[in-house]
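# An overview of the molecular structure
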Amino acid sequence: MAEFIIVTWTMIQGRMEQHEESIKKNMNHWRKNAKRFKLKSMRYYAQALGGDSFHYGRVLVFEFETLNDWESFRNEIEENEKAYALKEQWLTNLDVKTLRIIEWQDRQRDAWLE
């Protein structure tokens with residue numbers, strides 16, 4: 001069973017270019033260092049239709065083997081100067097009061113269609 005960390009937020013209006021640049025830098029860093037960050041997979045989505053924050057809602061899905069791997073990921077970001085700077089840059093482009101981090105666990109994965 002995997003652990004999925006679902007991060008949702010609303011981007012600050014008028015900062016789309018800066019936001020997308022900062023999230024891309026973060027994702028590239030995490031992907032290049034996936035083993036160190038203990039990342040199994042990662043996906044990023046932008047809201048396309050409906051909801052309160054039309055066009056500004058974002059979702060980032062991290063997959064880890066264990067919840068301890070998620071904790072290691074968080075610690076690595078806090079302790080690594082580059083990762084921390086990238087995170088802080090990203091945070092300046094989102095409405096922090098909308099930021100939500102939720103843990104999900106997979107179920108019936110053998111029945112999934114991928």
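Residues numbered from 1 in each chain as written. Predicted model: local features only at pLDDT ≥ 70, side-chain atom pairs only at ≥ 80, totals over all residues. Heavy atoms only, no water.

### Let's talk about the packing of helix 1 (residues 16–32) against helix 4 (residues 81–91)
Remark: helix 1 packs on helix 4, axes separated minimally by 9 Å, with the N-to-C direction vectors making an angle of 155 degrees. In this view, helix 1 runs roughly antiparallel relative to helix 4, as classed from their interaxial angle. Like other packed secondary-structure pairs, helix 1 and helix 4 cross with a definite hand, here left-handed. Along its contact with helix 1, which presents His-19, Ser-22, Ile-23, Lys-25, Asn-26 and His-29, the element helix 4 presents Lys-82, Ala-83, Leu-86, Lys-87, Gln-89 and Trp-90. Tallied by class, the residues present in the contact of helix 1 with helix 4 amount to 4 nonpolar, 5 polar and 3 charged. (Axes fitted to C-alpha atoms, helices over the stretch in contact; angles between N-to-C directions. Helix = DSSP H or I, 4+ residues; strand = E, 2+ residues; numbered from the N terminus. Parallel < 35°, antiparallel > 145°, perpendicular 65-115°, else oblique. Left-handed = near helix turned anticlockwise from the far one by under 90°. Contact = heavy atoms within 4.5 Å. Nonpolar A, V, L, I, M, F, W, Y, C, P; charged D, E, K, R; others polar.)

### A short note on the packing of helix 3 (residues 67–79) against helix 4
Put simply, helix 3 and helix 4 touch, their axes get as near as 5 Å, and they point 95 degrees apart. Overall, the two elements helix 3 and helix 4 adopt an arrangement that is roughly perpendicular. Counted together, Glu-76, Ile-77, Glu-78 and Glu-79 of helix 3 and Glu-81, Ala-83, Tyr-84 and Lys-87 of helix 4 form the full contact between these two elements. Taken together, the residues that form the contact of helix 3 with helix 4 break down as 3 nonpolar, no polar and 5 charged.

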